[in-house]
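So you can see what is in the structure, the chains are spelled out below.
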Amino acid sequence: MKIFNNKKDLRDCLLEHKSNKKTIGFVPTMGALHDGHLSLIEKASEKNDIVVVSIFVNPTQFDNVEDLKKYPKTIENDIKLLSAASCDILFSPKVEEIYSENITSEKFDFDGLEHQMEGKFRDGHFNGVGTVVKTLFKIVAPDKAYFGQKDFQQLQIIKKMVKKNHLNVKIKGCPIFREQDGLAMSSRNIRLSKEHREIAPFVYKTLKKVKKKFSHKSISEINKWLENQFKKQPLLTLEYFTIADEKALETAKTKEPNKKYRAFIAVFAGEIRLIDNIRLKH
Ligand code: PAF
């Protein structure tokens, strides 16, 4: 595996691969890698000749300085995992390499997707994500890029950004990877206390019950039921729960036959924020 910190050297290496007609699969990450990331890398290697992974903790997508400071950084272990996986190239730039002196976000219009769910609680988050992903796409110029569906809203926003900016990259959404007890894998999980880690699978267990109820209960009944479940759970604080259509991500009040729905949730387990979602059928 080759490691680059500098975009010029990375570009030169990729240009050589491209001149040899090699396809490039790209997995952008913020490091603290887990099996979910490794599954994206495996998908990328099945469909592309060369797999590039980036590790970059992007400052502009954090609305909370403490969260940025405490974001787990495990670069040595990440390099070991990537060397054993199908990663050909790691790009691990410093902040200046991506932003020069100007650590700010571009302002995007994602046709309203950015105002739903996470957008209501994480000010400027999606402008930060859009900025760094667009910059990384310009540097790597991948054929395909891989993202997990745990961040379903992020995935839809990146698809929108690619379409609006006419970027020549195919975005692939991959299934959520879970621990054996159902907790969605996330780099932040390693910061959970023992008692919060034990209770955290409650989030997915509750989403699975929502999925069962969706066929025969109204959305308002499900919303009330879910709020009550979390009121009984002192270690978890519900930030939001919403059933929304997969395309516009707008909160649904009634079920329309031609729309696809998902349930989305954000919960605090102590100071760690967990998000998850599940596809619904009606
Ligand atoms: O999902 C993530 O890890 C980040 O939001 C991403 C896409 C790497 C951009 O910093």
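J.: When you look at the sheet that holds strand 9 (residues 272-280) in this model, what are you seeing that I'm missing?
T.: Each strand in a sheet pairs with another by means of backbone hydrogen bonds, the pair being arranged parallel or else antiparallel. Within the open sheet, the three strands sit side by side as 7-8-9. Their pairing is antiparallel. Strands with a single pairing partner mark the edges of an open sheet, and in this sheet they are strand 7 (236-245) and strand 9. Each strand of the sheet is rotated relative to its neighbour by a mean of 15 degrees, with strand direction disregarded. Direction of pairing for strand 7 relative to strand 8 (residues 261-269): antiparallel, over a ladder of nine bridges. Bridging across to strand 8, Asp245 finds its partner in Tyr261. Strands strand 7, strand 8 and strand 9 of the sheet are contacted by helix 10 (residues 202-213), whose axis makes an angle of about 20 degrees with strand 9. Contacts from helix 11 (residues 219-231) reach strand 7 and strand 8 within the one sheet, and its direction differs from that of strand 7 by about 165 degrees.

J.: When you look at the site of the ligand in this model, what are you seeing that I'm missing?
T.: Every residue near the ligand is listed here: Pro28, Thr29, Met30, Asn58, Gln61, Val132, Phe147 and Gln154. Residue Gln61 places a side-chain N or O atom 2.6 Å away from an oxygen atom belonging to the ligand. In the model, an oxygen atom of the ligand is placed 2.7 Å from a nitrogen or oxygen of the Gln154 side chain.

Calculation notes
Residues numbered from 1 in each chain as written. Predicted model: local features only at pLDDT ≥ 70, side-chain atom pairs only at ≥ 80, totals over all residues. Heavy atoms only, no water. Pairing = 2+ DSSP bridges. Helix = DSSP H or I, 4+ residues; strand = E, 2+ residues; numbered from the N terminus. Axes fitted to C-alpha atoms, helices over the stretch in contact; angles between N-to-C directions. Contact = heavy atoms within 4.5 Å. Near = heavy atom within 4 Å. Polar contact = N/O pair within 3.5 Å; in protein donor to acceptor, adjacent residues only side chain to side chain.

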